[in-house]
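Below are the chains, spelled out letter by letter.
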Amino acid sequence: MRIVTRSRILAREMRFPSVAFAVFVLLASYALSVTPASAAPGSADFYTAPVADLEAFTPGSILRRQPVPQLDVLGSHTERILYRSADPRDRAVAVSGLLITPARAWTGPGPRPVIAYGPGSYGIADRCSGSSELGLTTTVPALLPLLAQGYQVVTTDYQGLGTPGEYEFLGRVATARALLDSARAAVGETDAPVVLYGYSAGGVASAAAAELVSTYAPDLSVVGTFVGAAPTDPLLRVEGQDGTEWAATMLYTIDGLIGAHPDRAGEIRALFNERGLAALDAALNFCNTDALAYGSLRSEDLTADGASLGSLMRGPVLGPLTSANTIGFTSPDLPVMIVQGINDRSVDIEQSRLLAQRWRAAGLTDIAVREFDFATRLVPEFDHPAANAVAYPEVIGWIERRVAVA
């Protein structure tokens, strides 16, 4: 296998334990996605019951918690949590997630480090949230290498996914705040070092959080950010999916913009014809398997004037909203690692390359970029997450160095 950087290709023989571990993670994720984990789903009340005087709580305050003993993996203690965050309009919102704490004592220096983990997207319907039974089948296996190091891991379901309010799919500010406030919930009153970690849609959250942490959560001791296969440019994401078997997921982006800007919903919906409006409404209830079953779509068939969705996202209505949710023009003030496979069919490799290019242009110097070339395309179920699994040995070492200097 080759590991590629932007400037050169480094030939590296991976040791067998690394390969075996990566394969284990991939197989565990796949097996659990086919045979759902037996974790009991949280009750609807846990996610939706009103929180009295929500505004009075500080961001990151834990509002509600529920043990999930079925998920006490590797001797850890697992809880569903509901915590306070703030939406892009600075209104208090309750966000759900998981908090997983190893039972054994932390033997390293200082308080136990926290990994604030942004899960990938399972869809935009409430039932697709990462702490739901559907989301758990693929989220939990991906956490095992981090828990095995003794780190505390906290995940976010993102604002409005499972909880009241609008889910702003890949929204730059909304996802960043949800992830940073999950870190606050885990850190509590300590000064524990935090690593932001996200893959795929979760990588959008970790990348956005890296840009916004100095202004939104300067109280956190964030020592590094891992960004994996992240569609941080929404225009590239939509254009890459148009006409493919996953084309229905491009509608998530538009539904997210409508959710983020309800005052402009009529203006945005006017860009679509009757078929397009029906597809937008249907997508609101999609998990990713529903989107795949919906079939291939061409955006020109959905718009009122026959223009492609990419063209509309450059236009006067969607253009400014798209730009506001594009990541890469604000340099993070912390170390960053970017990882992706060059044959990724879910997120084009150009997304990671462009993000690194933009951040470097903005002044970021402490950045490691790894591109994995498997010399062949894997089966679709493994194609996208493969680089995340294979990168674990190197990523774990990178995290260890970050927390060691905290």
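Small disclaimer: the values here were computed from a predicted structure and weren't measured.

Draft legend 1. Here's a closer look at the pattern of salt bridges. By the definition in use, this model includes 18 salt bridges. Residue E79 pairs with R65 through a salt bridge whose shortest N-O separation is 2.9 Å. With a gap of 14 residues between them, E79 in strand β4 (residues 76-86) and R65 in strand β3 (residues 62-67) connect regions that are remote in the sequence. For the salt bridge of E168 with R89, the shortest nitrogen-to-oxygen distance reads 2.8 Å. Of the two residues, E168 sits in the loop between β7 (152-156) and α4 (172-187) while R89 sits in the loop between β4 and β5 (92-102), which places them 79 residues apart along the sequence. By relative accessible area, E168 is classed as buried at 7%. For R89, a relative accessible area of 36% corresponds to the partly exposed category. Several salt bridges share partner residues, and in doing so they unite D87, R89, R91 and E168 into one network.

Draft legend 2. Local environment of the side chain of T326. Relative to the helices and strands, T326 resides in the loop between α12 (319-324) and β10 (336-341). A polar atom in the side chain of T326 sits 2.8 Å from the backbone oxygen of T322.

Draft legend 3. Here's a closer look at the side chain of D157. Assignment of secondary structure puts D157 in the loop between β7 and α4. Although D157 lies buried, it forms no salt bridge, and the closest oppositely charged side chain, R80, sits 6.8 Å away as judged by the N-O distance. Within the structure, D157 has its side chain in polar contact with the backbone nitrogen of G130 (distance 3.2 Å). A polar contact is formed between the side chain of D157 and the side chain of S131, at a distance of 2.6 Å. In this structure, D157 is in contact with Y47, V95, S96, G97, S129, G130 and S131, ignoring residues within four places of it in sequence.

Draft legend 4. Structural context of the nonpolar core. Membership of the largest hydrophobic core comes to 79 residues, with the highest contact counts inside it found for V194, I268, L309, L318, I338 and W359. No other element matches the 10 residues that helix α5 (residues 201-216) contributes to this core. Among all residues touching W359, those that are not within four sequence positions of it are A207, E211, V227, I327, G328, T330, S331, P332, V336, I338, L364 and I367. If you look at the next biggest cluster of nonpolar residues, it comprises 28 residues, including Y117, V390, A391 and W398.

Draft legend 5. Up close: the environment of L318. Here L318 shows up in the loop between α11 (309-312) and α12. In this structure, the C-alpha to C-alpha distance between L318 and L257, residues 61 residues apart in sequence, is 8.4 Å. Setting aside chain neighbours within four positions, we find L318 in contact with I254, L257, I268, L271, L309, L312 and M313.

What counts, and at which threshold
- Every chain is numbered independently, its residues counted from 1 as its sequence is written.
- In keeping with the predicted nature of the model, local features appear solely for residues at pLDDT of at least 70, side-chain atom pairs appear and are counted solely at 80 or more, and the whole-chain, interface and lining totals rest on all residues.
- The basis for every side-chain value is the complete set of heavy atoms in the structure, and neither hydrogens nor water enter the calculation.
- A carboxyl oxygen of Asp or Glu within 4 Å of a side-chain nitrogen of Lys or Arg is what we treat as a salt bridge.
- Strands here are runs of E lasting at least two residues and helices are runs of H or I lasting at least four, both read from the DSSP assignment and numbered beginning at the N terminus.
- Classification of residues uses two cut-offs on accessible area relative to the type maximum, computed with a 1.4 Å probe and protein chains only: under 20% is buried, over 50% is exposed, and between them is partly exposed.
- Polar contacts here mean pairs of N or O atoms no more than 3.5 Å apart (in protein, one a potential hydrogen donor and the other a potential acceptor; neighbouring residues in sequence count only if both atoms are side-chain atoms).
- Charge assignment: positive for Lys and Arg, negative for Asp and Glu; neither His nor the chain ends contribute.
- Contacts were defined at the residue level, with two residues in contact if any of their heavy atoms lie within 4.5 Å.
- We call a set of buried residues a nonpolar core when its members are Ala, Val, Leu, Ile, Met, Phe, Trp, Tyr or Cys and they connect through side-chain atoms within 4.5 Å of each other.

Take it as geometry only, folks, not as evidence of what the structure does.
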